[in-house]
Structure formats: C-alpha cells, structure tokens
Amino acid sequence: MQAIPHVISLTSPLFLLAGLGYALVRWLGWPKSVSDALTRFVFAVAIPAVLFRLMSDFSRLPPVDARLLVAYFGGCLLVFVAGRAIASRLFKMDGVQQSVFGVGGIFANNLLLGLPLATILLGDAALPVVSLVLVFNSLLLWTLVTISIEWARTRHVSLKGFATTVKNVATNPVVASILIGTAWGFIGIPLPGMADRTLELIGQAAIPLSLIALGMGLGEFGVREGWRESTAICVVKLTLHPLAVYALARLLRLPPLETRAVVLLASLPVGANVYLMAREFGALPGPVAASLVLSTAAAAVTTPIVLALMAGG
C-alpha cells in the first residue's frame, strides 16, 4: 500500500489537466465550439502523430504478447454479459437499453486518458500494448453493441451494418495512423529527420491537450439525470471490468508489463464513445452522460489504487 501515494502523485497532474478543461467550460464559460475544435485536433492530428511515429519504428519496439487481446476483450465480453443481466434485473431495461448499459461498463477512455497514463506510469515499453488495444477496441466493441442491439430489435444481424462498422473504424484517424505506421515500420525505411522532428513536436502537445479536451467535454454534461443507472454503470466499469481482465491475464500467465497495461486500461472511466452510442441508438443518453463525469472523477482515486495494488502484489 506504500505505492499508492507515489502512484497518486504521478497521476494527479493528469487529472488536474482534465479538471482545468472542465473549469474552462463549466465555470469560465468557454463556448462549445472551442471544445469541439480542440477535441477534433487531438483526435485527428495530435494523437495520430504520436501513434504513427511510435509504430513507424515498429522493428525496434519490444514484442507484444497477443494473449493480451484475449485477456482484455475476453474480460470485456464477460462484463458486457454481466452488465446486461444487471440492467435487466435491477432496472427492468429492454434489450437496447441493456446493450448500451453493458457497453458503458466496458468501453474505457483508452485514448484520451489511457495513452497519457500508460506513458507516465509504465513507460514507452507499454505503448505497443496500448496501441494494439486501441486498434481493436472500437471495432470489436462497436460491433458487439451493434450486433446486440440489432438482435434485441429484430432478432436478425445485418451484414451491411457490420460492414459499415468495419469501414467507419478503419477510416478512424487513430486506427488508421496505427495501421499505416505499422506498415511503414515493416517496410523498414526510417522517417526523414524533418518529418520525425515535426511529428515529435506535435506529439509533445498530445497528452496535455487530450486531457484538457477530455475535461472540456465533461463540462458539457450534467450528473443528475438517471443517477441510479449512471452510478451502476460506474461501479461495473471501475470494479468488474478491471477484475475480469486481471483474472484472465493471470489465467493466461501474461507477463507483468502486459498485465499492468491491460488492467490499467480496464480501470479507466467510461469513454465518450458510449455517449455517441447512446445517442445513436436512442437509449440512456442522460445516464450515460452522467456516468462519464462520475466515473472520471472516481477514477482519479480508483485507478491509482488498482495500479498500486498490482505493483505491490
């Protein structure tokens, strides 16, 4: 337990940056257009620059154990099923609402928060793990919730809907930058010095700007609507998800670094994509928005504790 204060001291500046973004919108009245523009820059330019530069030097990166995908996404599947059962029994939700509730318990904020935390706490050696999860995260979890909702609505799964999901994910700037960077790395041609330095400079801004953008986005949501449902989503996300991933990682005997990395990602708060899903499928937008705020605030305490417990174990 002595590691807890140390981990909190390392992570607190990250959550303070998110708090700064929240304050700019919530208390200083910065307009939504600023938040939208900054978020767009982070998603489309800054984070892709970091990931492309990292993966373009793929041959020098430490090997990544593919079992981590089984540990992480296997844990996601288990918790999704549990989440649907909780939504059905405790809140009497229909199939569509159960699906959105369930994905709220597994879709973490891996991009805006996971990447900075992994960099600070685990070092560059953990970034290939984070990148691998990021490549598959949106594709697999969007597909999971889409299939679940289509089945709940029609008892039929559309191949066209699945193909659209794959296309949308593949053209996502984050996923595309990882795939293109990996392809460049396999070619073995080093980046030109000017291009490498430019990407490095952009990447240096990625972590602080991503956290400020996260906070600004959270400042747009309230926490009152559907507080019981949003609290339940937070409990599932911040407890069941990391526990399930940790159990599978131990069962698969993942190395310590990979185990810490996937559990770190699983311990993170609800991702903004869940709110997009709630809006897209017309289910629980209020509770999901509230869960973004509540889980981010709670994760400022729970995530350092999870990491410290693993470090001491």
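The following refers to the structure shown.

Conventions and cut-offs
- Residues numbered from 1 in each chain as written.
- Predicted model: local features only at pLDDT ≥ 70, side-chain atom pairs only at ≥ 80, totals over all residues.
- Heavy atoms only, no water.
- Helix = DSSP H or I, 4+ residues; strand = E, 2+ residues; numbered from the N terminus.
- Contact = heavy atoms within 4.5 Å.
- Polar contact = N/O pair within 3.5 Å; in protein donor to acceptor, adjacent residues only side chain to side chain.
- Salt bridge = Lys/Arg side-chain N within 4 Å of Asp/Glu carboxyl O.
- Buried < 20%, exposed > 50% of the residue type's maximum accessible area, 1.4 Å probe, protein only.
- Phe/Tyr/Trp six-rings, centres within 6.5 Å; stacked < 30°, edge-to-face > 60°.
- Axes fitted to C-alpha atoms, helices over the stretch in contact; angles between N-to-C directions.
- Parallel < 35°, antiparallel > 145°, perpendicular 65-115°, else oblique.
- Left-handed = near helix turned anticlockwise from the far one by under 90°.
- Nonpolar A, V, L, I, M, F, W, Y, C, P; charged D, E, K, R; others polar.

### Some words on the environment of histidine 241
Next, step 1: In this fold, histidine 241 is placed in helix H10 (residues 227-251).
Next, step 2: Taking the C-alpha atoms as reference, histidine 241 lies 42 Å from proline 192; in sequence the two are 49 residues apart.
Next, step 3: Sequence-distant contacts of histidine 241, defined by excluding residues within four places in its chain, comprise Tyr72, Gly75, Cys76, Val79, Gly105, Ile106, Val236 and Ala266.
Next, step 4: Within the local environment of histidine 241, its side chain forms a polar contact with the side chain of lysine 237, the two groups lying 2.9 Å apart.

### Examining the pattern of salt bridges
For side chains bearing opposite charge, pairing can occur when the charged atoms are close.
Next, step 1: Under the counting rule described, the total for this entry stands at four salt bridges.
Next, step 2: Notably, a salt bridge pairs arginine 53 with aspartate 196, separated by 2.9 Å at the nearest N-O pair. On the criterion of sequence distance, the pair formed by arginine 53 in helix H2 (residues 32-56) and aspartate 196 in helix H9 (residues 193-218) is long-range, its members being 143 residues apart.
Next, step 3: With relative accessibility at 29%, the residue arginine 53 sits in the partly exposed group.
Next, step 4: Overall, aspartate 196 belongs to the partly exposed group, its relative accessible area being 23%.
Next, step 5: Salt-bridge contacts for arginine 197 lead to glutamate 200; the nearest nitrogen and oxygen are separated by 3.0 Å. Within this pair, arginine 197 and its partner glutamate 200 are both found in helix H9, separated by three residues, close to a single helical turn.
Next, step 6: Arginine 197 sits in the partly exposed class, given a relative accessible area of 42%.
Next, step 7: Salt bridges sharing common partners tie together Arg53, Asp196, Arg197 and Glu200.

### Here's the deal with the packing of aromatic side chains
Next, step 1: Per the stated rule, a full pass over the model turns up four aromatic pairs.
Next, step 2: Consider the rings of tyrosine 22 and tryptophan 27, whose centres lie 6.0 Å apart with planes at 85°: the pair is edge-to-face.
Next, step 3: Given the relative accessible area of 65%, tryptophan 27 is considered exposed.
Next, step 4: With 5.0 Å between their ring centres and 85° between their planes, tyrosine 72 and phenylalanine 73 make a pair best called edge-to-face. There is no split in this pair, since tyrosine 72 and phenylalanine 73 are both buried.

### Points about the packing of helix H4 (residues 95-104) against helix H6 (residues 127-154)
Next, step 1: One way to put it is that H4 packs onto H6 with a least axis distance of 8 Å and a crossing angle of 165°. It follows that H4 is roughly antiparallel to H6 by the angle criterion. The handedness of the crossing between H4 and H6 is right-handed. Residues Gly95, Val96, Ser99, Val100 and Val103 of H4 pack against Leu141, Val145, Ser148, Ile149, Ala152 and Arg153 of H6.
Next, step 2: Looking at side-chain class alone, the contact of H4 with H6 contains seven nonpolar, three polar and one charged residues.

Function-wise, these values are silent; they only describe arrangement.
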